[in-house]
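Letter by letter, the chains look like this.
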Amino acid sequence: MICDVLVVDDEFLIAEGLKFLIERMVPECRVAGLAFDGLQGYQKAMELNPHIVLTDIRMPEFDGIEMIRRLKEAGSQARFVILSGYAEFQYARSAMTLGVEDYITKPVEEEELSSVLKKLCNSICVTRKKSELVSEMEHSLKEYVLKDILELSGTDIENKKKSLGNLGFPVMCKWYNCIVLENNGADHREKEKLFYQYTEDLADKYFCFSNSRIVIPYSDSMAVVILAFEEEVEYKNLLNAAGRFRLELAEKLGVSVSGGTGLIHQNIEEIRESFEEARCALNYKVIKGLDCITSYDEIRKITASPKLIEPEDVKKLEACIDTMDDNGCRQIIEEIFRKADKDLTP
């Protein structure tokens with residue numbers, strides 16, 4: 001990780017000299033910008049969002065301490081290092097109460113500058129890794145609890161809702177929906193990581209109108225997108241977004257992707273119902289084709305039973321597709337239609 005540094009000093013030559021030393025002696029850092037007074041330092045810090053601000057104390061407009069105070073009040077996450085002359089030593093120490101990480105005495109010694117910045121970069125790196133690890137653990141736990149709800153393994157729904165709420169998933173939204181996506185590529189195991197990564201990225205792009213969304217890896221070739229809405233959403237708008245979403249996902253992966261969309265339900269307890277509807281709709285890929293997304297609304301008028309197409313028939317057909325067995329595919333599809341005609345005949 002490379003840390004961005006903003007250098008703030010009212011003496012142009014000192015600022016340029018610090019930039020030169022940092023770039024020569026501290027490969028962990030890059031100088032993102034220079035500022036020459038407290039006001040300019042504040043403005044550049046808000047614009048550039050650097051990891052580290054290295055600032056002098058005595059400057060025009062307002063001094064380094066005031067600049068740091070204003071940045072803290074504005075929510076800046078930068079870490080601060082103060083440059084101070086010996087006459088300002090006690091003043092610099094008092095700045096530590098503002099959360100200043102360290103101070104460097106003037107004239108600046110190369111070794112001290114290098115040591116302070118390297119130590120700070122290492123601290124920033126460790127903090128970021130810890131934050132990422134916590135975030136990953138929370139995401140995994142959220143996925144686990146949601147998958148538990150989808151599979152109805154366990155009955156303590158209230159505790160699961162509480163756990164999801166603690167993890168930041170909105171459990172009090174008015175509407176929820178599930179979309180199931182399947183990677184039909186023969187090399188889906190090799191592309192598993194890309195499949196989930198692209199699915200997450202594109203879910204943010206195409207379902208930005210939802211209040212929350214999460215992608216759950218369901219198998220090595222299947223992912224579930226769960227959407228939460230505060231306001232009622234038009235089902236046709238959701239389906240249009242899902243269609244564009246599936247199309248770009250297939251293009252990015254370079255393989256066939258099928259999808260099924262459940263109905264929109266009114267509370268989190270009904271997520272499982274939307275999930276089952278989406279899986280049922282996905283089964284119809286054997287009739288509509290692999291490169292499409294099917295809504296449960298399309299098929300519920302045909303039959304009220306989600307087992308019109310038996311999972312065993314789907315598996316047989318997929319096996320024939322994988323082995324390029326044209327005769328086998330034809331026979332299985334004919335059998336599926338035969339069963340469908342029988343079920344639909346009054």
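What this report covers is the structure whose coordinates are included nearby. (Residues numbered from 1 in each chain as written. Predicted model: local features only at pLDDT ≥ 70, side-chain atom pairs only at ≥ 80, totals over all residues. Heavy atoms only, no water.)

Describing the overall build of the chain
Logical step 1: Within the chain, the secondary structure is distributed over 13 helices and ten strands.
Logical step 2: Across the 346 residues of the chain, 47% fall into the buried class.
Logical step 3: Within the structure as shown, the chain displays about 18200 Å² of accessible surface, and the carbon and sulfur contribution to it stands at 50%. (Helix = DSSP H or I, 4+ residues; strand = E, 2+ residues; numbered from the N terminus. Buried < 20%, exposed > 50% of the residue type's maximum accessible area, 1.4 Å probe, protein only. Areas by Shrake-Rupley, 256 points an atom, 1.4 Å probe, with all protein chains shown as cover.)

Observations concerning the pairing of strand S5 (residues 102–105)
Logical step 1: Both faces of S5 are covered, namely the face carrying Asp102 and Ile104 and the face carrying Tyr103 and Thr105.
Logical step 2: Of the strand pairs in this sheet, strand S4 (residues 79–84) and S5 are connected by four bridges, and their pairing is parallel. Across the sheet, valine 81 pairs through a bridge with aspartate 102, a residue of S5. (Pairing = 2+ DSSP bridges.)

Re the sheet that holds strand S10 (residues 293–295)
Logical step 1: The sheet built from five strands is open, its strands ordered S7-S8-S6-S9-S10 with mixed pairing. Pairing within the sheet leaves two strands with one partner each, and these edge strands are strand S7 (212–219) and S10. For this sheet, the mean angle separating the axes of adjacent strands, direction not counted, is 20°.
Logical step 2: Inspection of the sheet shows strand S9 (residues 257–261) paired to S10 by three bridges, in the parallel sense. In the strand pairing of S10, threonine 261 is matched with serine 295.
Logical step 3: Its contacts with the sheet put helix H8 (residues 235–253) on strand S6 (175–183), strand S8 (222–229), S9 and S10, and the angle it makes with S9 is roughly 160°.
Logical step 4: Against the sheet, helix H9 (residues 271–283) touches S6, S7, S8, S9 and S10, its axis set at about 35° to S6. (Axes fitted to C-alpha atoms, helices over the stretch in contact; angles between N-to-C directions. Contact = heavy atoms within 4.5 Å.)

Quick word on H8
One turn of the α-helix equals 3.6 residues, which is why residues spaced by three or four share an orientation.
Logical step 1: With 19 residues, H8 should cover 27 Å at 1.5 Å per step; its first-to-last C-alpha distance of 27 Å lies within 8% of that length.
Logical step 2: The secondary structure elements touched by the buried residues of H8 are S6, helix H7 (192–206), S8, S9, S10 and helix H11 (296–299). (Expected span 1.5 Å × (residues − 1).)

Things to note about the side chain of aspartate 4
Logical step 1: Among the secondary structure elements, aspartate 4 is positioned in strand S1 (residues 3–8).
Logical step 2: Classification of aspartate 4 as buried rests on a relative accessible area of 15%.
Logical step 3: With residues near it in sequence (within four places) discarded, aspartate 4 still touches Arg30, Ala32, Pro50, His51 and Ile52.

Here's the deal with the environment of isoleucine 149
Logical step 1: Looking at the element boundaries, isoleucine 149 is found in helix H5 (residues 110–151).
Logical step 2: Look at isoleucine 149 and you get buried, because its relative accessible area is 4%.
Logical step 3: Taking the C-alpha atoms as reference points, isoleucine 149 and arginine 272, 123 residues apart in sequence, are found 6.5 Å from one another.
Logical step 4: Every residue in contact with isoleucine 149, bar those within four places of it in the chain, is listed here: Ile157, Lys160, Leu164 and Arg272.

Describing the nonpolar core
Logical step 1: Within the largest apolar cluster, 34 residues are counted, with the highest numbers of intra-cluster contacts made by Ile179, Leu181, Phe207, Val225, Phe245 and Leu249.
Logical step 2: Secondary structure elements with two or more residues in this core: S6, H7, S8, H8, H9 and H11.
Logical step 3: Sort the elements by how many residues they give to this core and H8 lands first, with eight residues.
Logical step 4: Excluding residues within four positions of it along the chain, isoleucine 179 makes contact with Phe207, Ala223, Val224, Val225, Leu227, Ala242, Gly260, Thr261, Ala278 and Ile293.
Logical step 5: If you look at the next biggest cluster of nonpolar residues, it comprises 23 residues, including Leu150, Met222, Ile268 and Phe275. (Core = buried A, V, L, I, M, F, W, Y, C linked by side-chain atoms within 4.5 Å.)

A word on the pattern of salt bridges
Logical step 1: Applying the stated rule across the entire model yields twelve salt bridges.
Logical step 2: Linking lysine 205 and glutamate 248 is a salt bridge whose minimum nitrogen-to-oxygen distance equals 2.9 Å. Placement of the pair is lysine 205 in helix H7 and glutamate 248 in helix H8, with a sequence separation of 43 residues.
Logical step 3: Under the relative-accessibility criterion, glutamate 248 is labelled buried at 17%.
Logical step 4: The shortest N-O distance in the salt bridge between arginine 279 and glutamate 276 comes to 3.2 Å. Here glutamate 276 and arginine 279 lie together in helix H9, a separation of three residues that amounts to about one turn.
Logical step 5: For arginine 279, a relative accessible area of 30% gives the class partly exposed.
Logical step 6: Via salt bridges that share partners, Asp9, Asp56 and Lys106 belong to a single interconnected network. (Salt bridge = Lys/Arg side-chain N within 4 Å of Asp/Glu carboxyl O.)

Regarding the sheet that holds strand S3 (residues 52–56)
Logical step 1: The sheet built from five strands is open, its strands ordered S2-S1-S3-S4-S5 with parallel pairing. Taken across any chain shown, the strands that pair with only one partner, and hence form the sheet edges, are strand S2 (29–35) and S5. Direction aside, the axes of adjacent strands within the sheet are offset by 25° on average.
Logical step 2: Of the pairings in the sheet, the one linking S1 to S3 comprises four bridges and is parallel in character. Residue valine 8 lies in a different strand from S3, and its bridge partner there is threonine 55.
Logical step 3: Together, S1, S2 and S3 form the strand contacts of helix H2 (residues 38–48), whose direction differs from that of S2 by roughly 135°.

Any functional reading would require information that these geometric values do not contain.
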